[in-house]
Structure formats: C-alpha cells, structure tokens
Amino acid sequence: MLEHDVIIVGGGLAGCRAAVEIARTDPSLNVAVVAKTHPIRSHSVAAQGGIAATLKNVDSEDSWEAHAFDTVKGSDYLADQDAVEILAKEAPDVVIDLEHLGVLFSRLPDGRIAQRAFGGHSYRRTCYAADKTGHAILHELVNNLRRYGVKVYQEWYVMRLILEEGEAKGLVMYHIMDGRLKVVRAKAVMLATGGYGRVFNTTSNDFASTGDGLAMVAQAGLPLQDMEFVQFHPTGLYPVGVLISEAVRGEGAYLRNSEGNRFMEQYAPSKMELAPRDITSRAITLEIRAGRGIHTDGSAGGPFVHLDLRHMGREKIMSRIPFCWEEAHRLVGVDAVEEPMPVRPTAHYSMGGIPVDTDGRVRSGVEGFVEALFAAGESACVSVHGANRLGSNSLLECVVYGKRTGAAIAQYVQSRKLPSLEEGPYLQEAQEQIQALLDQQGEQRINPLCQAFQDAMSQYCGVFRDQESMEKGLEITQELQQQYGTIYLGDRGSLWNTEIIEALELKNIMVVGRMILTSALNRQESRGAHSREDYPQRDDPNFLKHSLAFYSAAGIDIQYRPVTLTQFEPQERKY
Ligand SMILES: Cc1cc2nc3c(=O)[nH]c(=O)nc-3n(C[C@H](O)[C@H](O)[C@H](O)COP(=O)(O)OP(=O)(O)OC[C@H]3O[C@@H](n4cnc5c(N)ncnc54)[C@H](O)[C@@H]3O)c2cc1C
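Residues numbered from 1 in each chain as written. Predicted model: local features only at pLDDT ≥ 70, side-chain atom pairs only at ≥ 80, totals over all residues. Heavy atoms only, no water.

Labelled according to an unreviewed UniProt entry, the chain appears under the name Succinate dehydrogenase flavoprotein subunit, originating from Roseofilum reptotaenium AO1-A. Database annotation for the chain, UniProt heading Sequence similarities (unreviewed entry): "Belongs to the FAD-dependent oxidoreductase 2 family. FRD/SDH subfamily." Listed under Subcellular location (unreviewed entry) in UniProt, the entry text for the chain is "Membrane". (UniProt positions renumbered as here; feature names shortened; annotations may be inferred.)

Okay, here's the thing in structure tokens:
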C-alpha cells in the first residue's frame, strides 16, 4: 500500500495550486498528485481567454464589489454570495502570486498586466497571456510541483474513492502503462478531477473530461449539487465543437445570422456580443431554429451562425487571439482575416459538482461534512457560478479555491494519523472489475454505445429542455446504461490498454449524465443555463435553492439546500 499525508486527484489548475499551497504551508508534509493524463495535459492547459481580477490596470473605477455583483447577477442569483465575495476579494492577490510563481501575462505598454473585456463583466478585468492563458499558468504550476517536491503519479487512473463510515481513507488506482493496481492511503484526500463535457456529443472539452471524480463521489453515496446547470459556450467551431474563445468577442468580433444581421441586438441590446454565455447560446439556438442559421455553402437555414472578425484587421487578430485564428484555419480551413468563422453552442463547463464549503470540505448532505475529503476546481461546487458562470471566473476559482483548500488541508492533517485500512478487499474488487471487462463476451464496441449516450444527452438535455424531452432522455439513457454489460474490448492485454480506461470512463459518463437529467427534470423553472420551455420564468419562491442529487442503483433522489445571500437581493436579470 502506498502512503502519503495528502493525495490529490487531478493535475489541473485546482489540484496543482492546492499542492503548492500545502507544500508552502508545511514543507514537512508528504504530498502527492495523481492524474490520468500527464499533469500538463489536463484540460486547464486549453483555457484561452483569461483570468478575472480587479487589478484596475485598465479600468481604474473597477472594484471587487463590482466583480462580485457581476458574478452573482451572471449566476442568476443562485451563487452563494459569501463564496463569491471571497473569490472577488482574493482575485488580485492570487494573480500577482501566479506572476511571482513565474507566469508570463500579456502586458500594457507601461509594463503592467494587460486586461480585456469579457462577457457579463462590467469592466475590463480579465488578465491573459494572449489566448493561451491556461497554458501559461499550468506550465508554471507544474514546474512548481517539482520545486516543492510534490510526488506526481502521472497516467494513473483512479478507479474509486475509499470511504468508510463517513471518512475518506484513500484511493484505488490503476497504472495505465502496465495494468498495476495500487491502494493509496492518506490523512486527507482531495478531488480536483475537472469537468464532464464528454457527457455530450459536441464539446469544447478534452477527451479526459469524463466526470470521473463526480461519479466516484456519487457512487460512494455522497450528493452532487446543481447538476442541471451545464454551460453551453456560444462559439464552438462548427462542426468539431472546439472552442473559439470569448476573448474573440472581447476583442470586438460580431455574431451574424444568415441575413448578415448582428442579431444580439434583439436579445441583449446593452451588452450585444458580450452578453453572458447562457443568453448568447440561447440567441444562437433560436436564430438557427428560426431558419436564420447558415449552411456551409453560405445559404440560409443551416446549423451555424457566423463569428465575424474581419473588421478587426490582421494585426490585432494575430497579436491578441492568434490561437483562435490558427484553430479555425487548421480545423475547418477558414482564414478569419478574410472570412467569418462558422460557430454554434458547444458543451463547455459544469457549474454543478461536488458540494463544498469555502475551505473545500466536502458536504455529506444538506448538513454535515465528510471527514478527510476535500474538493476544488471545476469538479467542485462551492458555488461561485450558480446557474451560469461568467467567462474567466473559472481559472480564478481554481486558483482561489485551490489555494484555500490547500491551506485548509495543511491545517487539517496536523492532528490526524494515517487511517487504518485493509487494502485486500479493495484490490480484489478492482481486479475483478478489470477482469470482468476483459472477459466480457459482448456484442458491441465501446464507442457506438458512448456515442449513443452522448447523442441522447445532447438531444434531450441541451440548451433548451422540457419535461417530455427529459423523460424521454431518462428512458433512453437507462436503456443504454443497461447495455453497458454488452460491450466487449478488442484489446485484452495489460500494457497501455486504453480501452479499459474508455470502458471505465463510459460507466462514469453514464452516471453523471443521469444525474444531470434527473436534477434538470426536478427543477421546474428557467434559471441561468437551465432553460425550460415548459417553465420559462425564474421561480424564486420555489427554486431559489441548490439541488442535491443522491445516486443509488435503485434511483436518484433529490434534496435541496438554501442559497447564501449577503449583499445582493435577487432582481430580474436583464442586459
Ligand atoms: C477549451 C476551454 C477553454 C477555457 N478557457 C477558459 C478561460 O479562458 N478562462 C476561464 O476562467 N476558464 C476557462 N475554461 C474553463 C477552465 O479551463 C476549467 O474549468 C479549469 O481549467 C478546470 O481546472 P481543474 O483543475 O478543475 O480541472 P482540469 O484542468 O480539467 O484537470 C483535471 C485533472 O484530473 C485528472 N483526472 C480526472 N479524472 C481522473 C481519474 N479518474 N484518475 C486520475 N486523474 C483524473 C486529469 O488527468 C486532470 O489532471 C476553459 C475550458 C475549456 C474546455
């Protein structure tokens, strides 16, 4: 059995920032990070547009209160306002700290960190490194893991969380290279496993964003919070779904329909293309539905709209958003200096997740906490994004709450011994699970079943939802889940058997997808990214509350928790 004081699952921004904080707070602690990818291949590396913080380098009248208000309004008032205040107040310090760790941000002519406009933010407060911000931050954080002597298990797949009598004791993990299984025991376990974009058929997310941490928590009998709130980013490149950053609109690009009109005028006249993502994604979907989408041959009635950068000019495009230009050029052959990009909404971000308090402690239910279990980043729900996240607030959440959770863990483990744990039964169970997959004599490969599940989620629980479609979605996904036992693996070896990983991930995708559908069906209102055609209004008297979904083989049970309000009274959300 492997032993560490702290084991962190996830080598993205949240996991790495927590590890650095633990090592800084108490250098004598033995900290390890485990990731199924190499840490610098975590999805954080793909973040483009930037990280919000009121440095006031460009707009001197900005304030943390304004940042907090924009975030709460963007969340459609579902965010916990105490958590948002911490996020906005601590933002400038964590960004400066990143710079001290070595991150190279883009600069103003006078040498201070540059800041750009972003959707839903009322001032220019997003700090960036061109359109490769995640790359710049994650590389430095991973370098710092080495500097602080954090042990890294890369390309180990964590199969389960070990939870006994309300206490997290460790993990079971599988070495992708050679099929070895190991149990790790630790004084504290932290989950920072990122999002679940792969639950849907069109996503901006990495192939590894399969919601493993969420599924592990759900299968351990713990709740997941606000799973109905899935962010569809307005500008996924058609047809691949890859992200074209909001920074492109932040720098001035237009959205146009088949008639050439800037249609955002109808939906958010004061913010236009920089309206929050839920509103912009709905606007694009409605334009496409109304026959004002565009076909590849340029005719009307097609599946996408245009993102038009031409008026920005080559120099600005190439200096501020070179990566977005390159992606459209490489993936769909569009030179954005000369022609508009084809875009439509793509599954992008998970507002919900593992419920935690502002120290990253995982909640066990409406009240109470799990001993020795922590979470942060996109897999957690603290909740600073409520029903809709503002762009550039997620990298910020990873860093602010990664740091806070790291500090809380460093304190927590001071008074703890390694838990007593018998590894035998866990190893045997994992071995049997792998062997069963290898031996399974099914009739279908993993990919078509996964595709069918993703198609059903996108069709029945997408940008717009209603009771009938979600009930249908639940029925179909249940049938597909039952077919899991009919898959077979082409590769039955133990060396680099990526099919085993795909099979384990598919199981998790299915658990998470059904949690999303059930939570969405239960919320009979429209709020933020959750847009119900049968309940088009927000309903504060009945639904100003967080939902907690509990998974079991028998079914999914929903309970509710109150939202924390401090200084911002819920108002109608207009832009
Ligand atoms: C294309 C794109 C662009 C974005 N741009 C921005 C932006 O400009 N600004 C912004 O604020 N936000 C942006 N976001 C969102 C933001 O990047 C993410 O929310 C954030 O980086 C998530 O970080 P994380 O540390 O929580 O998880 P991730 O970076 O996703 O890392 C998850 C880690 O968990 C590991 N893991 C998962 N499951 C297992 C398992 N079973 N076993 C072992 N390891 C496991 C993975 O290997 C990985 O190391 C963007 C997102 C995307 C997809």
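Visitor: Please clarify how the overall build of the chain should be interpreted in this entry.
Guide: Looking only at helices and strands, the chain has 16 helices and 22 strands in total. Against the 2.2 N^0.38 benchmark of 25 Å for 575 residues, the chain shows a C-alpha radius of gyration of 23 Å, consistent with a compact globule. Projected onto its principal axes, the C-alpha positions of the chain cover 65 × 55 × 50 Å. Every one of the 575 residues in the chain was classed for burial, and the buried ones make up 62%. At a minimum sequence separation of 6, the contacts of the chain that also span at least 24 residues come to 75%. Surface accessibility of the chain: about 20700 Å² in total, with carbon and sulfur atoms responsible for 47%. The centroid of the 58 positive side-chain charges in the chain is displaced by 3 Å from the centroid of its 74 negative side-chain charges. (Helix = DSSP H or I, 4+ residues; strand = E, 2+ residues; numbered from the N terminus. Rg over C-alpha atoms; globule rule 2.2 N^0.38 Å. Buried < 20%, exposed > 50% of the residue type's maximum accessible area, 1.4 Å probe, protein only. Contact = heavy atoms within 4.5 Å. Areas by Shrake-Rupley, 256 points an atom, 1.4 Å probe, with all protein chains shown as cover. Lys, Arg positive; Asp, Glu negative; His and termini not counted. Charge placed at Lys NZ, Arg CZ, Asp CG, Glu CD.)

Visitor: I keep staring at a negative patch on the surface and nothing clicks. Help me out?
Guide: On the surface, a cluster of negative charge is made up of Glu-468, Glu-471, Glu-475 and Glu-479. Relative to the helices and strands, Glu-471 resides in helix 14 (residues 467–482). A relative accessible area of 38% means that Glu-471 is categorised as partly exposed. (Patch = residues over 30% accessible without salt bridge, like charges linked within 9 Å, V, L, I, M, F, W, Y side chains within 5 Å. Salt bridge = Lys/Arg side-chain N within 4 Å of Asp/Glu carboxyl O.)

Visitor: What is the right way to read the sheet that holds strand 10 (residues 224–225) from this model?
Guide: In sheet architecture, strand pairing relies on hydrogen bonds along the backbone and comes in two forms, parallel and antiparallel. Taking strand neighbours across the sheet as the criterion, the 3 strands line up as 10-21-22 in an open arrangement whose pairing is antiparallel. The outermost strands of the open sheet, each flanked by one partner alone, are strand 10 and strand 22 (555–562). Bridge count between strand 21 (residues 545–552) and strand 22: 8 bridges; the pairing is antiparallel. Note that in strand 22 the partner of Leu-548 across the bridge is Gln-559. (Pairing = 2+ DSSP bridges.)

Visitor: Help me out: how do you make sense of the UniProt feature "domain: FAD-dependent oxidoreductase 2 FAD-binding" (unreviewed entry) in the chain in this one?
Guide: Those places that UniProt annotates as "domain: FAD-dependent oxidoreductase 2 FAD-binding" (unreviewed entry) correspond, in this numbering, to residues 5–395. Within the segment residues 5–395, helix and strand shares are 29% and 23% respectively, and the terminal C-alpha atoms sit 26 Å apart.

Visitor: Explanation requested: the site of the ligand in the structure shown.
Guide: Around the ligand, 38 residues are found, and the nearest of them are Ser-42, His-43, Ser-44, Glu-378 and Ser-394. Here an oxygen atom of the ligand sits 2.8 Å away from a polar atom, N or O, in the main chain of Gly-11. Leu-395 places a main-chain nitrogen or oxygen 2.7 Å from an oxygen atom of the ligand. Relative to its unbound accessible surface of 1000 Å², the ligand loses 98% to contact with the protein. Those elements that place two or more of their residues in the shell around the ligand are helix 1 (13–25), strand 2 (31–35), strand 7 (156–164), strand 14 (341–350) and helix 11 (393–412). Here the shell around the ligand gets 4 residues from one element, more than from any other, and that element is helix 11. Of the residues in the shell around the ligand, the class split is 15 nonpolar, 19 polar and 4 charged. (Near = heavy atom within 4 Å. Polar contact = N/O pair within 3.5 Å; in protein donor to acceptor, adjacent residues only side chain to side chain. Nonpolar A, V, L, I, M, F, W, Y, C, P; charged D, E, K, R; others polar.)

Visitor: Which parts of the structure should I look at to understand helix 12 (residues 424–439)?
Guide: Residues that lie three or four places apart on an α-helix share one face, since the helix turns once every 3.6 residues. Here helix 12 contains 16 residues, and its C-alpha end-to-end distance of 22 Å stays within 8% of the 22 Å for a straight helix at 1.5 Å per residue. In this structure, the buried side of helix 12 is in contact with strand 7, strand 8 (167–175), strand 9 (181–191) and helix 15 (498–522). (Expected span 1.5 Å × (residues − 1).)

Visitor: Hey, could you run me through the pattern of salt bridges in this one?
Guide: Between side chains of opposite charge, a pair can form as their charged atoms come close. Tallied over the entire structure, the rule returns 42 salt bridges. Note that Glu-251 is salt-bridged to Arg-116, the shortest N-O span being 2.9 Å. Within this pair, whereas Glu-251 is found in the loop between helix 6 (247–250) and strand 12 (254–256), its partner Arg-116 is found in strand 4 (residues 115–116), the two being separated by 135 residues in sequence. Arg-116 matches Glu-251 in its accessibility class, with the two residues each being buried. Notably, a salt bridge pairs Arg-532 with Asp-534, separated by 2.9 Å at the nearest N-O pair. The buried category is assigned to Arg-532, whose relative accessible area is 1%. Using a relative accessible area of 31% as the deciding quantity, one classes Asp-534 as partly exposed. Within the structure, one salt-bridge network assembled from shared partners comprises Asp-76, Asp-226, Glu-228, Asp-278, Arg-282, Arg-523, Glu-525, Arg-527, Arg-538, Asp-540 and Arg-573.

Visitor: Where do I start with the side chain of Thr-126 in this structure?
Guide: With respect to the helices, strands and loops of the structure, Thr-126 is situated in strand 5 (residues 126–127). Classification of Thr-126 as buried rests on a relative accessible area of 0%. Of the polar contacts made by the side chain of Thr-126, one reaches the side chain of Ser-392; its length is 2.9 Å. Dropping the residues within four chain positions of it, Thr-126 is found in contact with Gly-49, Gly-50, Ile-51, Ala-52, Ala-114, Gln-115, Arg-116, Phe-118 and Ser-392.

Visitor: What exactly am I supposed to notice about the packing of aromatic side chains here?
Guide: Note on aromatic pairs: each is described by the distance of the centres and the angle between the planes. The full count for this structure, using the stated rule, is 7 aromatic pairs. Ring centres of Phe-200 and Phe-232 lie 5.5 Å apart, and the angle between their planes is 80 degrees; on these two criteria the pair is classed as edge-to-face. Taken together, the positions of Phe-200 in the loop between strand 9 and helix 5 (212–219) and Phe-232 in strand 11 (residues 230–237) put the pair 32 residues apart, joining distant regions of the chain. Positioned over the ring face of Tyr-575 is Lys-73, at 4.2 Å from the centre of the ring. (Phe/Tyr/Trp six-rings, centres within 6.5 Å; stacked < 30°, edge-to-face > 60°. Lys NZ or Arg CZ within 6 Å of the ring centre and 35° of its normal.)

Visitor: Looking at this structure, how should I read the sheet that holds strand 5?
Guide: Within the open sheet, the 3 strands sit side by side as 3-5-4. Their pairing is antiparallel. Every interior strand has two partners, whereas the edge strands, strand 3 (51–52) and strand 4, have only one. In the sheet, strand 3 pairs with strand 5 via 2 bridges, with the strands oriented antiparallel. Within strand 5, the position partnered with Ile-51 by the bridge is Cys-127.

Visitor: Any chance you could explain the environment of Ser-420 here in plain terms?
Guide: With respect to the element layout, Ser-420 can be found in the loop between helix 11 and helix 12. C-alpha separation for the pair Ser-420 and Leu-145, spaced 275 residues apart in sequence, amounts to 28 Å. Leaving out residues up to four positions away in the same chain, Ser-420 has contacts with Glu-164, Lys-169 and Arg-185.

Visitor: How should the packing of helix 1 against helix 11 be read in this particular structure?
Guide: Relative orientation and spacing of two packed helices are given, respectively, by the angle between their axes and the distance between those axes. Interhelical geometry of helix 1 versus helix 11 gives an angle of 35 degrees and a closest axis separation of 7 Å. In this structure, helix 1 meets helix 11 at a crossing whose hand is right-handed. Contacts from Leu-13, Ala-14, Arg-17, Ala-18, Glu-21, Ile-22 and Thr-25 of helix 1 reach helix 11 at Leu-395, Cys-398, Val-399, Gly-402, Lys-403, Gly-406, Ala-407, Ile-409, Ala-410 and Gln-411. Classifying every residue of the contact of helix 1 with helix 11 by side-chain character gives 10 nonpolar, 4 polar and 3 charged. (Axes fitted to C-alpha atoms, helices over the stretch in contact; angles between N-to-C directions. Left-handed = near helix turned anticlockwise from the far one by under 90°.)

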